[in-house]
Every structure is written in structure tokens, then in C-alpha cells.
Amino acid sequence: MSLLTPDLGLVFWMLVAFGIVVFVLVKFGFPVIIKGVEDRNKFIDDSLLAAKQAQEELANVKATSEELLNQARLEQANILADAAKSRDKIVEAAKGKASEEAAKIIDLAREQIQLEKEDAIRQIRREVGLLSVDIAEKVLRNSLSEEKEQMNMIDRLLDEMNIPKS
Amino acid sequence: MKIKTKIFTFVISLMLLIAPSINAQNVAVDTLQTTTTAAETTESELDIKEMILEHLADAYEWHIATMNGKHISIPLPVIVYSKTTGWHVFSSAKFHHGHEAYNGFKISTSEKYKGKIVETDEAGNEIRPIDISLTKNAFSLLLSSALLILIIMMVSRSYKRNSLESKKGFVGVMEMFILSVYNDIIKPGVGKDYKRYAPYLLTVFFFIFINNILGLIPIFPGGANVTGNIAITMVLAVCTFLIVNLSGTKEYFKEIFWPDVPWWLKVPVPLMPAIEIIGVFTKPFALMIRLFANILAGHSIVLGLVSLIFVTVSLGAATNASMTTLSVIFTVFIDFVELLVAYIQAYVFTMLSAVFIGLARIEPHKQKEIA
């Protein structure tokens, strides 16, 4: 029966020992351990989250760079197209200008030619005049070899000159 | 849902309460058989019964072995307060293993105070002084408490130093152990605010566990029947009782004194309140008896089996040899079972404490319906 009756001395020691154990472990033991474990769990969770975020960011960066690349490519194509267009334009413009210039030059040449032609014609005319005068002189000299004829001539000329006077 | 959990806890409690008593009965029968067989053959029968009871009970000295009729034991300090002569502190060696009296104190052999220190008054009656001697159990208790504090503080210091590294070796094992108790017993048991009660419940678990384990070690630092002593389990149960009832919510006390049952169950005769109030006390009482009886039974079985060897000595060499083999095999087996029991009893005590706390922390039904 003594097994079933709690001994007061042992109860006293149990209260002391268990009290100390509970005090020490509840105050300094288990909370520290549990906090440590929870801290570590939190750290691991945070790290995982951070890694995930970093991965997402990396994917974002990749996507952005891809986009940038595409954009650059597009722009390049645009620039090339623009360049081709402007080149064509320039060439066109140059062509136009050149033909204009050529036309101008041709016109100028034509004018020159005209002028020269007129000049030449004038000279020819002058030559022809002189020649005809020469010829006329010769003819005249031929026909005026006789005195009489010379007189006739003078008369006629005088007549001709008088008519407008009269 | 709530009634279900209540019924579940009740059934579990009942089972766990009955199991050790069956165990204990078996042990009783076991020891009885041992003693009767011994009685037929040898005169050492009383010695074996005495030996087992002596081990299960407390002692003023730590008996290690008896060689050639000489007791080898560690004397422990006796601290007694007599109403007539005041405080006395002396070594238990002064009693010469209970054969001699010292300063008017002696170890009683009477039926009432067997094995306890008593003093005799003028009329020849034995009077029990106030006795806070550092007995075998008390000494073992202090030892295991110191060991427990040492172990847990070692682990916690490792966390204080660096909580982010993963723990290896002993600290890692302890972390796993602590977390298994924390996550699998306390968290589901207590429910919402488990964090507040976790340190106490963890302390209870490891306190019971280390004492159970130390009790299984047969040589000096262990071997005391600490958790198989009702004084120890009583203090544990009272602590749980206080924590459960001091953390009880309004709803918890309302369910005890004015439960949600038809009025005729509580108005003329307060039947349900009476049952509930009894329940408040039977819960920790069951905790106390369960742990005590299980560990006591385990120690008794091991001792009874070992005793078989000595009981059968006189039955001839062949019987003795076969019984010795059997005894060793059984003892090894039972020791393994006891290792399991050491864990299970700590587990059960903690789990039920956690569940009781959880039941005391219930919220009113109305809030639940709104939520």
C-alpha cells in the first residue's frame, strides 16, 4: 500500500526539482530552440522566395533583352529601309538634277550654236555683200568700159536720186 | 465535431487507463506465481518479493550490490524535522542498512511505516517526522533534472550562437526529437495558441522521458523507480491540472457548471455539472495513475523475470539453465518494450495534457457560427 501513498519528502523534492527544470527550460531552453528553428525556417522560406523572385526577375530581364533585341532589329530594318529610300531619293534627285543640268547645258549649247550660226550667217552675209559688191564692181567695170555707158549710168543714177527729190 | 472529439478523448483515456491496470494485474499474477513457485522450493521466497518491493519503493541509501553478505551502497543524506528535537541532517550510513537506530530515528519495520524513518515516542508508538531526506528517488530526480537542463541548455546554446546553420550530430537529433513533439503532439493537441504552452509541455515530455529512460538503466546513475513513484506523477498531474484550469476560458467553465444539455439534467439535481466536475479531477488523476502504473509495471516485470534465475537455482542445473536462458531472452524483450513504453508514456502524458489544455481553451459556439 505504501506504493500508492505519495511520500511528502519526495513531493517536496519533486516540487523543487521540477520547479527548477520548468523555470530554466521554459525561460531559457525551449523557447530559444523553437525560436531558432522558426528563424531558420523563415530564413529558408525567405531565401526560397528570394531565389524565386530572382529567377522571375532573370526571366523578366531575359524577356526585356529579347524585346530590346527585337526592337533593335526592327529599328535596324527601318533604318535600312529608310536609308534605301533616301538613297533612291538622292539618286532620283541627282538624276533629275543631272538631266536638268544636261538640258541646261544643251540649251546653252543650242543658244551658243544659234548665236554662232547667226554670227556665221551675219559674216556670210557680210562676205556675200562684199562679194556681191566686188562682183558688182567687176560687172560694173565691165559694162562701163565704154564712155557712153558710163554716162548713161551716171544719168540714171542721177535720175534715181532726183526722183525722191521731186 | 466537438462532441466527437470529446468522445474520442474519453475512449482513448479509458483505454489508456485500462491498459496499465491490465499490465499491473499481469505483473501481480506474475510475481505471485514467482513467489509461490519459490515458496515450494526455497526459503528465499520472501527475499525476492521483498527485493522487488524494495526496488519499487524509495530508499534512504542507493543500494548497488550485495557481495558476501556485505551491502555495497551509496549513503544519501537524511534530512528530518522532529517536533521534539528539531532538524537533523545526517548520513543514512548511520543506520547501517536499517539495522541500527540513530539519534532516536530508525527505519521502521512495522506494517504502517515500512522502510520509512520514524521516531518512537514515550508510549512506544512510531511517529513519522517531517522527512525531506534526499532519498534514492529524490537524488535520482535531481540527477536527471540536472542532466535534462544540461542537455537542453546545450542544444539551446547552439541555437543562441547560430540559429541559421543546420544542426548536426547530437543537437540535430535533439532538434528532430523536440520538433516531432512540438509539431505532432503539442500543435494538434492544444490548437490555436499552442505557442504559449509549448515550452511547458516540452519540458514535461522530456522530464518524463529522461526519467523513464534512466529508470531502465540498471546500474548506479539510473535504475531508480522515479516516474513509477506516485509522488512524482502526482506533482506532474497537479501541474497539468493547474495549467488546464487556470487557462480555462469562460466557455470552459460554463460547460462545466451549466452545460448545454436539457434543463432537467441540471436543475433539480445537478447531474451533468456533477459529472463534469468529477471529470475535471479524473483527467489529471488518470494522468497520474497511468504513468505511475505503467512504469511500476515495467520495473516489476523486469525484476520478476530476472528473479526467475535465482528462484530456479534449487531446481537443478538443467531447469536453472533453461530458465536462465528464458529469463534473459524475456528480459531483453521486455527491456525493448520498456524503451517503447518510456517514449509512449511521455508521449501520452504530453498529448493528453495538450488536449486538456486545448479543451480548456475552447471558444464560445456563437463565435464559431459567425466565423
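Everything numeric in this text was worked out from a predicted model, so none of it was measured.

Rules used in this analysis
- Residues numbered from 1 in each chain as written.
- Chains lettered and ligands numbered in written order.
- Predicted model: local features only at pLDDT ≥ 70, side-chain atom pairs only at ≥ 80, totals over all residues.
- Helix = DSSP H or I, 4+ residues; strand = E, 2+ residues; numbered from the N terminus.
- Rg over C-alpha atoms; globule rule 2.2 N^0.38 Å.
- Buried ≥ 20, exposed ≤ 12 C-beta atoms within 10 Å, placed from the backbone.
- Pairing = 2+ DSSP bridges.
- Contact = placed C-beta atoms within 7 Å.
- Nonpolar A, V, L, I, M, F, W, Y, C, P; charged D, E, K, R; others polar.
- pLDDT = per-residue confidence, 0-100.

Attention shifts here to the overall build of chain A. Regarding its fold elements, chain A presents two helices and zero strands. Scaling as 2.2 N^0.38, a compact globule of 166 residues should have a C-alpha radius of gyration of about 15 Å, whereas chain A reaches 65 Å, well beyond that. Based on the C-alpha atoms only, the size of chain A along its principal axes is roughly 205 × 30 × 20 Å. A buried classification covers 8% of the 166 residues belonging to chain A.

Attention now goes to the sheet that holds strand β6 (residues 117-120) of chain B. All names here are of chain B. One open sheet holds the three strands; their spatial order is β5-β6-β7, and the pairing between them is antiparallel. Each having just a single partner strand, β5 (105-107) and β7 (126-127) make up the two edges of the open sheet. Pairing geometry for β6 and β7, over two bridges, is antiparallel. Across the sheet, the residue bridging to Glu119 is Ile127, located in β7.

Bringing the interface of chain B and chain A into the picture now. Across the boundary between the two partners, chain B contributes 40 residues, which contact 32 residues of chain A. Of the residues assigned to the side of chain B that touches chain A, the class counts are 27 nonpolar, eight polar and five charged.

Moving on, we get to the sheet that holds strand β8 (residues 130-131) of chain B. Residue and element names in this part refer to chain B. On the basis of which strands lie adjacent, the open sheet formed by three strands has the order β4-β3-β8 and antiparallel pairing. The open sheet is flanked by β4 (86-91) and β8, the only strands paired with a single partner. Of the strand pairs in this sheet, strand β3 (residues 77-82) and β8 are connected by two bridges, and their pairing is antiparallel. Across the sheet, Val80 pairs through a bridge with Asp131, a residue of β8.

Another aspect to go through is the pairing of β4(B). All names here are of chain B. Counting buried positions along β4 yields zero of six residues, so the element is predominantly exposed. As judged from the six bridges shared by β3 and β4, these two strands associate in the antiparallel manner. Residue pairing in the sheet places Tyr81 in a bridge with Trp87 of β4. The turn linking β3 back onto β4 is made up of three residues.

Another aspect to go through is the environment of B:His88. Residues and elements named next belong to chain B. Tracing the backbone shows His88 in strand β4. Along the primary structure His88 and Phe105 are separated by 17 residues, whereas in three dimensions their C-alpha atoms are 9.8 Å apart. Those residues in contact with His88 that lie beyond four places of it in its chain are Val80, Ser82, Asn103 and Phe105.

All names here are of chain B. In this sheet, strand β2 (residues 70-75) lies alongside strand β1 (residues 61-67) in antiparallel orientation, the contact comprising six bridges. Across the sheet, residue Ala65 finds its bridge partner in β2, namely Ile72. Counted along the chain from β1 to the antiparallel partner β2, the turn is two residues long, and its residue Asn68 has a positive phi close to 55 degrees.

Residues and elements named next belong to chain B. As for its placement among the helices and strands, Thr227 is situated in the loop between α5 (194-216) and α6 (230-246). As a C-alpha pair, Thr227 and Ala237 span 10 residues in sequence and 12 Å in three-dimensional space. When neighbours within four sequence positions are excluded, Thr227 is seen to be in contact with Ile208, Asn211, Asn212, Gly215, Ile232, Thr233, Leu291 and Ile295.

Residue and element names in this part refer to chain B. Counting all residues, the mean pLDDT for chain B is 78, and 85% of those residues have values of 70 or more. Taken as a whole, residues 15-44 scores under 50 in pLDDT and shows 43 contacts with residues more than four places along the chain or in a different chain. Considering only residues more than four positions removed or in separate chains, one finds that residues 367-371, a stretch of pLDDT under 50, has one contact. Among the prediction metrics, the complex's ipTM stands at 0.78, with pTM recorded as 0.72.

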